Amino acid sequence: MARYRSILSLVLVLLATFLVSCGGPSVATAPPTYTPSQLEKIQEYVPEVLAVRDRAAELQKLIQTQQWVKVRNFIHGPMAEARLSMNYIASNLLPQDQKSAREKVKNLLDHLVKVDQAAEVANYQQAVINSQTAFTDIENFLKLVPQPSTQAEES
């Protein structure tokens, strides 16, 4: 019986040694990347945001000439469409970027509301300040958007 226990102990020690030696450091996982379908969805909405960003001078001219009805139409039309596109893009970004992107979209909405309120009461100064900040929000948001050529080079 003593011999049986010694052999059993030896087998258990060998088994434990084998299991410990097989369990090396954990395998490093690659950082999350965009799938081609995610990039495709994102790039589908980017042109709408870029088109509105490129029309910044148009809104500034409307504010300078104090065409408040047209200012409000611009905010409720193209700017609102761009905000929707930004929300669609944000939902397709990597999880670590989604929170920041949603925050930037929320900031854009806040500034658009302030421009709208300023246009309603014909407050030139507030309209100028908040419209510039709104376009800055768009620029900051676009910095989070992956570029398809960059992703293709990394692969």
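Per an unreviewed UniProt entry, the protein is named Photosystem II protein PsbQ, and its organism is Scytonema hofmannii PCC 7110.

## What to know about the pattern of salt bridges
This model, assessed by the stated rule, comprises 5 salt bridges. Arg72 is the salt-bridge partner of Asp116, the closest N and O atoms lying 2.6 Å from each other. In this pair, Asp116 is assigned in helix α5 (residues 95-120) and Arg72 in helix α4 (residues 68-92), connecting sequence segments 44 residues apart. Judged by its relative accessible area of 12%, Asp116 is buried. What you see here is one network of salt bridges that share partners, running through Arg53, Asp54 and Glu139.

## What to know about the packing of α4 against α5
Here α4 crosses α5 at 170 degrees, and the two axes come no closer than 10 Å. The angle between the axes of α4 and α5 places the two elements in the roughly antiparallel class. Each of Trp68, Val71, Arg72, Ile75, His76, Met79, Arg83, Met86, Asn87, Ala90, Ser91 and Asn92 in α4 lies in contact with α5, whose residues at this interface are Gln98, Ala101, Arg102, Val105, Leu108, Leu109, Leu112, Val115, Asp116, Ala119 and Glu120. Its residues placed into classes, the contact of α4 with α5 shows 13 nonpolar, 5 polar and 5 charged.

## Focus on helix α6 (residues 124-142)
The terminal C-alpha atoms of α6, which comprises 19 residues, lie 27 Å apart, in line with the 27 Å expected from a rise of 1.5 Å per residue. Among the residues of α6, Ala127, Val128, Asn130, Ser131, Ala134, Phe135, Asp137, Ile138, Phe141 and Leu142 are the ones counted as buried. In this structure, the buried side of α6 is in contact with α2 (36-53), α3 (56-64), α4 and α5. Its side-chain oxygen placed 3.4 Å from the backbone nitrogen of Gln125, Asn123 serves as the N-cap of α6.

## So, α3
Taken residue by residue, α3 has Leu59, Gln60, Leu62 and Ile63 as its buried positions. Looking straight down α3, one finds its buried side chains confined to an arc of 160 degrees; they lie on one side. Every exposed residue of α3 that faces more than 90 degrees away from the buried side is listed here: Ala57, Lys61 and Gln64. Backbone geometry just downstream of α3 places Gln66 in the positive-phi region, at approximately 55 degrees.

## Observations concerning the nonpolar core
In this structure, Val71, Met79, Ile89, Ile138 and Phe141 are the most contacted members of the largest nonpolar core, which totals 35 residues. Contributing elements (two or more residues each) for this core: α2, α3, α4, α5 and α6. Residue contributions to this core peak at 9 residues, all from α4. Those residues in contact with Ile89 that sit more than four places away from it in its chain are Ile42, Tyr45, Val46, Val49, Phe141 and Val145.

Each value, and the rule that gives it
- Residues numbered from 1 in each chain as written.
- Predicted model: local features only at pLDDT ≥ 70, side-chain atom pairs only at ≥ 80, totals over all residues.
- Heavy atoms only, no water.
- Salt bridge = Lys/Arg side-chain N within 4 Å of Asp/Glu carboxyl O.
- Helix = DSSP H or I, 4+ residues; strand = E, 2+ residues; numbered from the N terminus.
- Buried < 20%, exposed > 50% of the residue type's maximum accessible area, 1.4 Å probe, protein only.
- Axes fitted to C-alpha atoms, helices over the stretch in contact; angles between N-to-C directions.
- Parallel < 35°, antiparallel > 145°, perpendicular 65-115°, else oblique.
- Contact = heavy atoms within 4.5 Å.
- Nonpolar A, V, L, I, M, F, W, Y, C, P; charged D, E, K, R; others polar.
- Expected span 1.5 Å × (residues − 1).
- Polar contact = N/O pair within 3.5 Å; in protein donor to acceptor, adjacent residues only side chain to side chain.
- Arc of directions from axis to C-beta.
- Core = buried A, V, L, I, M, F, W, Y, C linked by side-chain atoms within 4.5 Å.

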